[in-house]
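# A closer look at the structure
Below are the chains, spelled out letter by letter.
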Amino acid sequence: MTDAPLLKVRELRITFGGLGAVRGSDVEIMRGETHCLVGESGCGKSVTALAVMGLLPRNAKCTSDELSFDGQDLRGMRERELSALRGDRIAMIFQEPMTSLNPAYTVGSQMAEVYTRHRGGARRAALERAEALLAKVRITSPGMRLGQYPHQLSGGLRQRVMIAMALMCDPELLVADEPTTALDVTVQAQILSLIAELQAELKLSVLLITHDLGIVARVGHRVSVMYAGRVVESASAESLFARPMHPYTRGLLSCIPVPGKVVRGQPLGAIPGVVPRVGPDFVGCAFRDRCQYAIADCARVVPAQDAGPDHHYACRLAPDWTASEAA
Ligand code: SF4
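Residues numbered from 1 in each chain as written. Predicted model: local features only at pLDDT ≥ 70, side-chain atom pairs only at ≥ 80, totals over all residues. Heavy atoms only, no water.

Another point: the packing of helix H4 (residues 107-119) against helix H7 (residues 155-166). Where H4 contacts H7, the axes come no closer than 9 Å and their chain directions differ by 25°. Comparing the axis directions of H4 and H7 gives the class roughly parallel. As for how H4 packs across H7, the hand of that crossing is right-handed. On H7, the residues touching Val107, Gln110, Met111 and Val114 of H4 are Val161, Ala164 and Met165. In terms of residue class, the contact of H4 with H7 is made up of 6 nonpolar, 1 polar and no charged. (Axes fitted to C-alpha atoms, helices over the stretch in contact; angles between N-to-C directions. Helix = DSSP H or I, 4+ residues; strand = E, 2+ residues; numbered from the N terminus. Parallel < 35°, antiparallel > 145°, perpendicular 65-115°, else oblique. Left-handed = near helix turned anticlockwise from the far one by under 90°. Contact = heavy atoms within 4.5 Å. Nonpolar A, V, L, I, M, F, W, Y, C, P; charged D, E, K, R; others polar.)

For the coordinates displayed, the defined rule picks out 4 aromatic pairs. Among the aromatic residues, ring-to-ring pairing joins Tyr227, Tyr248 and Phe287 into one connected group. (Phe/Tyr/Trp six-rings, centres within 6.5 Å; stacked < 30°, edge-to-face > 60°.)

So, on to the pairing of strand S7 (residues 90-93). Of the two faces of S7, the one carrying Ile90 and Met92 and the one carrying Ala91 and Ile93 are both buried. Of the pairings in the sheet, the one linking S7 to strand S8 (residues 173-177) comprises 4 bridges and is parallel in character. Each bridged residue has a counterpart across the sheet, and for Ile93 the counterpart in S8 is Ala176. (Buried < 20%, exposed > 50% of the residue type's maximum accessible area, 1.4 Å probe, protein only. Pairing = 2+ DSSP bridges.)

Moving on, we come to the pattern of salt bridges. Summed over the entire model, instances satisfying the criterion amount to 19 salt bridges. Glu201 is the partner of Lys136 in a salt bridge, and the nearest nitrogen-oxygen pair spans 2.6 Å. Residue Lys136 is located in helix H5 (residues 123-136), and its partner Glu201 is located in helix H8 (residues 185-202); the two are separated by 65 residues in the primary sequence. For Lys136, a relative accessible area of 29% puts it in the partly exposed group. (Salt bridge = Lys/Arg side-chain N within 4 Å of Asp/Glu carboxyl O.)

Time to look at helix H11 (residues 247-254). In terms of residue burial, H11 counts as a mostly covered element, since 7 of its 8 residues are buried. Within H11, burial applies to Pro247, Tyr248, Thr249, Arg250, Gly251, Leu252 and Leu253. Where H11 is buried, its residues touch strand S3 (34-38), helix H9 (213-219), strand S10 (222-227), strand S11 (230-236) and helix H10 (237-242).

If you check H8, its first and last C-alpha atoms are 26 Å apart, about what 18 residues at 1.5 Å a residue would give, namely 26 Å. All of the buried residues along H8 are Val187, Ile191, Leu192, Leu194, Ile195, Leu198 and Gln199. An end-on view of H8 places all buried positions within 160° of arc, on one side of the element. Of the exposed residues in H8, the ones pointing more than 90 degrees away from its buried face are Val185 and Thr186. The elements touched by buried residues of H8 are S3, S7, H5, H7, strand S9 (205-210) and H9. (Expected span 1.5 Å × (residues − 1). Arc of directions from axis to C-beta.)

The next thing to look at is the side chain of Thr210. For Thr210, the position within the fold is in strand S9. Apart from the residues lying within four places of it in its own chain, the contact partners of Thr210 are Leu37, Val38, Gly39, Lys45, Glu178, Ile215 and Val216.

So yeah, pure geometry; function would need other evidence.
This is the structure in structure tokens:
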């Protein structure tokens, strides 16, 4: 890894009709790392990813102090320039592959098109590459699959095709938005292992969006926890799991079974209440209606604090508060 982040997002704000969906978020992804963006649905994870890809809907207004990829400012790039990056140096896989693959074209046609559009060359060479990548993502009979249509494949196979398609141009950054949500549990595990293996082998940077901290524990190097459109905690996966600081992070962790910590037969934890809707900016901590530690001060400005090198959180509780509340 080099010291300069591959992707840098600072003070990202996204509004729809003046209502904030992302309210000042910072995310940095280093080369060769899997950075997980975690939080419940409606916290702004997917819109953040769409902003990075330049795929926000027309009614969205997006501002930031910095939005750069490999030193290139993505803000103000023309659609043609962004389009040249997408699918080439930055690729994305979505939650539901059936809605991302075109049902009218074969797998081979769709994969070959990605390659020839960005790299040119003969269709035959593109199909050879597609076949090799289908084999790489462990799809059996890859040559035969090239001639199949998406509806002829299972959900797990379609997601493998999406991953292979994303790799067609050797991207440096792979954005994966809840890539296993639509799959059953055993297939989820296979797809996650595959992404982790490819990340390590190809030295990819991965922005993995998920609501599941169990997934983060398996594949993440670094984690940003989002709540109500802001990153409320950011740390290495190791530091975050060893010493979660923000009560929201601790709430999320209490919802997953941890070997050795969860007693059989006892219910898992839950965070009361729901994520606030898209709306005006908050004054104070957006989590205070759901937080058992909230006091009147939480309605005022919430300080950004350090819990160690490279471990930041936004909460009034002092860095030593977990000593008496150890998970
Ligand atoms: Fe809870 Fe207050 Fe911390 Fe927000 S700032 S997480 S309400 S203790």
